[in-house]
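Next come the chains, spelled out residue by residue.
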Amino acid sequence: MKFFLDTANVDEIRRINDLGLCDGVTTNPSLINKEGRDFKEVISEIASFVEGPISAEVTSYDYESMVKEARDLSKWADNIVVKIPMTEDGLRAINILSKEGVRTNCTLIFSLSQALMAMKAGASYVSPFMGRIDDMGEDGARLVYDIRTIIDTYGFDCEIIAASIRSIKNFEDAALAGAHIATVPGNLFEKLWSHVLTDQGIDKFKKDWEAFEGK
Ligand code: G3P
């Protein structure tokens, strides 16, 4: 399973990348807005040190503009994946781009049929939004599991990026459900390696060692 960082914050990405835990990055217009920096400048900076795929999202919604934007975005670096929203125009854009060899990540996936449409149109990645599905009282992990079943049954050349991960449980459920990739916000990442009993254990070892040395 691969781990992506779901952030446009370069410091967060560097920190996790230095631990060997960053296989790629996903961004979206909200995350770019949060950083308040020029879109191309941020993506280029991330691409200067992250080797894996970096998703950059189109900001137009008609297929001709999406294709035009995608062609431009894909030239910013070799590892750019263009994020396209799940709409009829989005599917049309994905179909055109896949034939040109531009990798796409179909985003805002909330149902199995949406994922199936995106894969059939030629998306390289599909992004089910686990947290937002759970918000609706439905089961985000179940959707990831079902998409994985479809991919394995029919041999689609597509990977699942479990997105909208807000909790340790979302992350663990994504892994158990067979997501190829989990994209994790920077502020959640450190919770994934932390545990209160680990901290307590270290405190006790330290105290006992100091007592031993004092003897
Ligand atoms: O990857 C999509 C993600 O950024 C959305 O997360 O928490 O806004 O649903 P959230």
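Details of the structure are given in the entry above.
Computed from a predicted structure; not experimentally measured. (Residues numbered from 1 in each chain as written. Predicted model: local features only at pLDDT ≥ 70, side-chain atom pairs only at ≥ 80, totals over all residues. Heavy atoms only, no water.)

(A) A look at the site of the ligand. In the vicinity of the ligand, the residues found are Asp6, Asn28, Phe129, Arg132, Ala163, Ser164 and Arg166. Between the ligand and Asn28, the relevant distance is 3.1 Å, taken from an oxygen atom to a side-chain nitrogen or oxygen of the residue. Here an oxygen atom of the ligand and a side-chain polar atom of Ser164 are 2.6 Å apart. In isolation the ligand exposes 310 Å². Once the protein is present, 80% of that is buried. Of the residues assigned to the shell around the ligand, the class counts are two nonpolar, two polar and three charged. (Near = heavy atom within 4 Å. Polar contact = N/O pair within 3.5 Å; in protein donor to acceptor, adjacent residues only side chain to side chain. Areas by Shrake-Rupley, 256 points an atom, 1.4 Å probe, with all protein chains shown as cover. Nonpolar A, V, L, I, M, F, W, Y, C, P; charged D, E, K, R; others polar.)

(B) A look at the environment of Gly20. Position of Gly20 among the secondary structure elements: in the loop between α1 (10–18) and β2 (24–26). With relative accessibility at 59%, the residue Gly20 sits in the exposed group. Remark: the alpha-carbon pair of Gly20 and Phe3, spanning 17 residues in sequence, is separated by 9.9 Å. (Helix = DSSP H or I, 4+ residues; strand = E, 2+ residues; numbered from the N terminus. Buried < 20%, exposed > 50% of the residue type's maximum accessible area, 1.4 Å probe, protein only.)

(C) Inspection of the packing of aromatic side chains at higher detail. In total, this model carries five aromatic pairs according to the counting rule given. Between Phe3 and Phe171, the ring centres sit 5.4 Å apart and the planes meet at 70 degrees, which makes this aromatic pair edge-to-face. Of this pair, Phe3 sits in strand β1 (residues 2–6) while Phe171 sits in helix α9 (residues 168–177), placing them 168 residues apart in sequence. Judged by relative accessible area, which is 13%, Phe171 ranks as buried. For the pair Phe39 and Trp76, a centre-to-centre distance of 5.1 Å together with 75 degrees between the ring planes defines the contact as edge-to-face. Here Phe39, found in helix α3 (residues 39–47), pairs with Trp76, found in the loop between α4 (63–73) and β4 (80–85); they are 37 residues apart in sequence, far enough to count as distant. Of the aromatic side chains, those joined through ring pairs into one cluster are Phe3, Phe171 and Phe189. Looking at Arg14, its charged tip hangs above the ring of Phe49, at a distance of 4.0 Å from the centre. Note that Arg92 overlies the ring of Tyr63, its terminal NZ or CZ placed 3.9 Å from the centroid. (Phe/Tyr/Trp six-rings, centres within 6.5 Å; stacked < 30°, edge-to-face > 60°. Lys NZ or Arg CZ within 6 Å of the ring centre and 35° of its normal.)

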